[in-house]
Amino acid sequence: MEIRPRLLWPVETEFLFSSALFPEALIANDPDFQHEDLNFLSRSQRYDQAIRKSALMVMKLREYGIADPDEVYMFKSLVHRGRPEPLDLHLGMFLPTLLTQATPEQQDRFFMPAWNLEIIGTYAQTEMGHGSHLRGLETTATYDPATQEFILNSPTVTSIKWWPGGLGKTANHAIVLAQLYTQGQCKGLHAFIVPIRQLGTHEPLPGITVGDIGPKFGYDEVDNGYLKMDNFRIPRENMLMKYAQVEPDGTYVKPLSDKLTYGTMVFIRAYIVGESARALSRSCTIAIRYSAVRHQSELRAGEPEPQVLDYQTQQYKLFPLLAAAYAFHFVGTYIKDTYRRISGDIIEGDLSELPELHALTAGLKAFTTWIANAGIEECRMACGGHGYSRCSSLPDIYVTFTPTCTYEGENTVMMLQTARFLIKSYMQVGSGQRVTGTVSYLNDLPRQHIQPQHVAARPATVLINDPVSLVEAYKARATWLVESAAKNLQAELNHRKNKDDAWNVTSVDLVRATDAHCHYVVVKIFTAKLSEISNAAVRAVLTDLCLLYALHGISKNPGDFLQAGILTNTQVNQVNQRVKELLAIIRPNAVALVDAFDYSDGYLGSVLGRYDGNVYETMFEWAKKSPLNQTEVHESFHKHLKPIMSKL
């Protein structure tokens, strides 16, 4: 069944998303990377297949001379079709940590062996009893100056490292985050390179207890593991010492900033923002293509069943998510470029933008993953009953993506981290300082306070058909909510006299302020992208999407804009009407817009989201492959049912 529409905007706009720096056919046509449908394999078989392909992948990377991080990521993503795999933390955290946290001497010892897979690493931070609260981690690394070694210990059950991918069966080394003790003092969390398995035999080393944590909601291909260390000694030189050092006599040399220790987490949070765009865009592709294939009910009495995508309710479910996918794609590129720029400044000794980098990656990580996570499920339900089948790929996308809401920082904790930066910036403005970057809008507060408070944040005029005007409206909302949260916090401080209690009882306000700040940043970045697009037809379509994203956000949060005096009741009604109009405008381009993500059928792995629309025939053939269909009569009939039936 052919569902390709006449494209109302040029197909060459696929360049916006395609990051294939080499032909995808290089992998798609390689027999080494073919495999059975993973849905019909056991967890052990899925892990075995993933390891096989990961090992082959590394060999191919060497063979093709691929070393650029973006090319490596794209190659890996195509090999594993977007699924997690056992070397994820080796490639995504172990190697980057060595590059950013290790001294040149340490890189000489560890990086090339790790790149060549002589060393396979993981990143062991989270413990059974603590995750996002890093200061609460219990694993200790005590320095012994007599032997110039660190003694690593897991002193309690809750201190056992828990969850690191690749730790269960794959890795032979781990970067372990532990509380550093030297000269009788705790110096806080630091990173150590810890061998955990014997090279050659892969047996756990004496003093190391390591294994797989068992089945999970998803991630069947990954051996998430546990690690317990009992007086396990490593050389002093195995502490990552680019920024903080322990000298042979135990003297501690502190880093320029404690935040430098968490550079890998910042990198991963920045990466997750782009991953939100990829997961949401894949889901939108499947749901929108299928909605163009599926015919249901009657739109007009007596007429043929229309495409489900013609129903306004279906458009209202899917098109705002499509707009969000585009927005997050642009934000993901922005945050990746920002991370690289600021990281370059840090290497040169300029740490001035490090606090904002931490705040921005934490907030946007939470903001985008929450929306994408809910959006994937919305796409699944928009596919009706067939969305429940794993042939749709949507259940797998969901269970693979949903951990991003908790790993590398639980989302509420991340929002509150960003809130601390916002409150600090607000206080700086109040004391006469100027702030820069994404919080520079707070510099206008002193001027705004000359006006009556209830219209303090209101732009002169909000034009609901002008993305730039809507950016100003979102800016005003963020300003109002940050100031409101700051004032509520100060009131509680005056009342309670305890900053921790005051922070806790205003934390809902603080999360709302962070959400508004992130929403403003996303709308601003999406709008700014429009001016970079030279093709008028493409720009027009993306402008409609940008408007839908911004206006839909207002329609979902009208109280903020009304209470702050940014919009009137009449304008909110106009916003709601314009959202419905935009659904109809976007409808003719909807399939082309998801085609522009340029996902191959192999990468999507979805019967419902097939490019050619041949859904039902393929679904029938897919079902026949079920292991339960390998025999006409299952052995359970003879073992369990027939004996009962014979006695009736």
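### Digging into the overall build of the protein chain
Secondary structure summary: the protein chain contains 21 helices and 11 strands in total. Its C-alpha radius of gyration of 27 Å places the protein chain within 12% of the 26 Å reference for a compact globule of 648 residues. In terms of principal-axis extent, the alpha carbons of the protein chain reach across some 85 × 85 × 60 Å. Going through the 648 residues of the protein chain one by one, you find that 54% of them count as buried. Taking contacts inside the protein chain between residues at least 6 apart in sequence as the whole, the part at least 24 apart equals 73%. Only carbon and sulfur atoms are counted for the fraction: they give 54% of the accessible area of the protein chain, which is about 28,700 Å². The centroid of the 62 positive side-chain charges in the protein chain is displaced by 4 Å from the centroid of its 69 negative side-chain charges.

### Observations regarding helix H14 (residues 507-530)
Along its 24 residues, H14 runs 35 Å from first to last C-alpha, staying within 8% of the 34 Å computed at 1.5 Å per residue. The element H14 is extensively covered by neighbouring structure, given that 17 of its 24 residues are classed as buried.

### So, the nonpolar core
Residues Ile288, Tyr326 and Tyr549 are the most contacted members of the largest nonpolar core, which totals 165 residues. Ala141, Ala171, Val210 and Met229 belong to the second-largest nonpolar core, a separate cluster that totals 26 residues.

### A look at the sheet that holds strand S7 (residues 208-212)
Adjacent strands of a sheet pair through backbone hydrogen bonds, lying either parallel or antiparallel. With respect to topology, 3 strands assemble into an open sheet ordered S4-S8-S7, the strand pairing being antiparallel. The outermost strands of the open sheet, each flanked by one partner alone, are strand S4 (161-162) and S7. Two strands pair when backbone bridges link them, and S7 and strand S8 (residues 225-229) are joined in this way by 5 bridges, in the antiparallel orientation. What sits directly across from Thr209, in S8, is Lys228.

### Quick look at the pattern of salt bridges
Per the stated rule, a full pass over the model turns up 32 salt bridges. One salt bridge connects Asp212 with Arg43, and the closest N-O pair in it is separated by 2.9 Å. Here the residue Asp212 occupies a position in strand S7, and Arg43 occupies one in helix H2 (residues 43-64), the gap between them amounting to 169 residues. Classification of Asp212 as partly exposed rests on a relative accessible area of 23%. Taking the relative accessible area as the measure of exposure, Arg43 reaches 23% and is therefore partly exposed.

### Comments concerning the packing of aromatic side chains
Applying the stated criterion across every chain yields a total of 17 aromatic pairs. Between the aromatic rings of Phe217 and Tyr398, the centroid separation amounts to 6.3 Å while the plane-to-plane angle is 90°, which identifies the pairing as edge-to-face. Of this pair, Phe217 sits in the loop between S7 and S8 while Tyr398 is found in helix H9 (residues 394-401), placing the two residues 181 residues apart along the sequence. Among the aromatic residues, those joined into a cluster by ring pairs are Tyr326, Phe597, Tyr599 and Tyr603. The lysine or arginine in question, Arg420, covers the ring of Trp503, its NZ or CZ lying 4.1 Å from the ring centre.

### Re helix H4 (residues 88-101)
Under the 1.5 Å per step criterion, the end-to-end length of H4 is 19 Å for 14 residues, consistent within 8% with the ideal 20 Å. For H4, the tally of buried residues reaches 11 of 14 residues, placing the bulk of the element in the interior. Along H4, the residues that are buried comprise Leu89, His90, Leu91, Gly92, Met93, Phe94, Leu95, Pro96, Thr97, Leu98 and Gln101.

### A look at the pairing of strand S6 (residues 185-195)
The pairing of strand S5 (residues 173-182) with S6 spans 9 bridges and is classified as antiparallel. Within S6, the position partnered with Gln179 by the bridge is Leu189. Linking S5 back to S6 in an antiparallel pair, the connection comprises 2 residues, with Gln183 at a positive phi of about 50°.

### Describing the environment of Tyr388
The residue Tyr388 is located in the loop between helix H8 (354-382) and H9 in this model. A sequence separation of 206 residues divides Tyr388 from Thr182, and the C-alpha atoms of the two residues are 55 Å apart. Not counting chain neighbours up to four residues away, the residues in contact with Tyr388 comprise Arg380 and Pro395.

### Comments concerning the pairing of S5
For S5, a buried count of 9 out of 10 residues is recorded, marking the element as mostly surrounded by other parts of the structure. Strand direction decides the pairing type here: strand S1 (residues 121-124) and S5, joined by 4 bridges, are parallel. Bridged to Thr122 within S5 is Ala174. Pairing geometry for strand S2 (residues 140-144) and S5, over 3 bridges, is parallel. Considered in S5, the bridge of Thr142 is made with Tyr181.

### What about the packing of helix H12 (residues 467-496) against helix H15 (residues 536-556)?
Interhelical geometry of H12 versus H15 gives an angle of 25° and a closest axis separation of 10 Å. By the angle class used here, H12 and H15 are roughly parallel. Considering how the two elements wind past one another, H12 and H15 form a crossing that is left-handed. Residue-level inspection shows Pro467, Leu470 and Tyr474 of H12 in contact with H15, the latter providing Thr543, Cys546, Leu547, Tyr549, Ala550, Leu551, Gly553 and Ile554.

### Some words on the environment of Ala174
Summarising the element assignment, Ala174 is placed in strand S5. It is 31 Å that separates the C-alpha atoms of Ala174 and Glu36, two residues lying 138 residues apart in sequence. Look past the residues within four positions of Ala174 in its chain and what remains in contact with it is Phe94, Thr122, Ala124, Phe192, Ile193, Val194 and Ile196.

### Concerning unusual backbone geometry
For Ser393, which is not glycine, the phi torsion reads 75° and is therefore positive. Relative to the elements of secondary structure, Ser393 occurs in the loop between H8 and H9. The phi torsion at Glu408 lies on the positive side, around 55°, for a residue other than glycine. Relative to the helices and strands, Glu408 is located in the loop between H9 and helix H10 (411-430). Glu408 sits in the buried class, given a relative accessible area of 15%.

### Side note on the packing of H12 against H14
At a minimum axis distance of 8 Å, the contact between H12 and H14 shows a crossing angle of 160°. The angle between the axes of H12 and H14 places the two elements in the roughly antiparallel class. In the packing of H12 onto H14, the handedness of the crossing is left-handed. Looking at the contact of H12 with H14, its residues break down into 14 nonpolar, 4 polar and 6 charged.

### Considering the confidence of the model for the protein chain
When pLDDT is low, close inspection of the predicted coordinates is not appropriate. Mean pLDDT over the protein chain works out to 90, with 94% of the residues at or above the 70 mark. Within the model, the stretch residues 1-21 combines pLDDT values under 50 with 47 contacts to residues more than four positions away or in other chains.

Each value, and the rule that gives it
Residues numbered from 1 in each chain as written. Predicted model: local features only at pLDDT ≥ 70, side-chain atom pairs only at ≥ 80, totals over all residues. Heavy atoms only, no water. Helix = DSSP H or I, 4+ residues; strand = E, 2+ residues; numbered from the N terminus. Rg over C-alpha atoms; globule rule 2.2 N^0.38 Å. Buried < 20%, exposed > 50% of the residue type's maximum accessible area, 1.4 Å probe, protein only. Contact = heavy atoms within 4.5 Å. Areas by Shrake-Rupley, 256 points an atom, 1.4 Å probe, with all protein chains shown as cover. Lys, Arg positive; Asp, Glu negative; His and termini not counted. Charge placed at Lys NZ, Arg CZ, Asp CG, Glu CD. Expected span 1.5 Å × (residues − 1). Core = buried A, V, L, I, M, F, W, Y, C linked by side-chain atoms within 4.5 Å. Pairing = 2+ DSSP bridges. Salt bridge = Lys/Arg side-chain N within 4 Å of Asp/Glu carboxyl O. Phe/Tyr/Trp six-rings, centres within 6.5 Å; stacked < 30°, edge-to-face > 60°. Lys NZ or Arg CZ within 6 Å of the ring centre and 35° of its normal. Axes fitted to C-alpha atoms, helices over the stretch in contact; angles between N-to-C directions. Parallel < 35°, antiparallel > 145°, perpendicular 65-115°, else oblique. Left-handed = near helix turned anticlockwise from the far one by under 90°. Nonpolar A, V, L, I, M, F, W, Y, C, P; charged D, E, K, R; others polar. pLDDT = per-residue confidence, 0-100.

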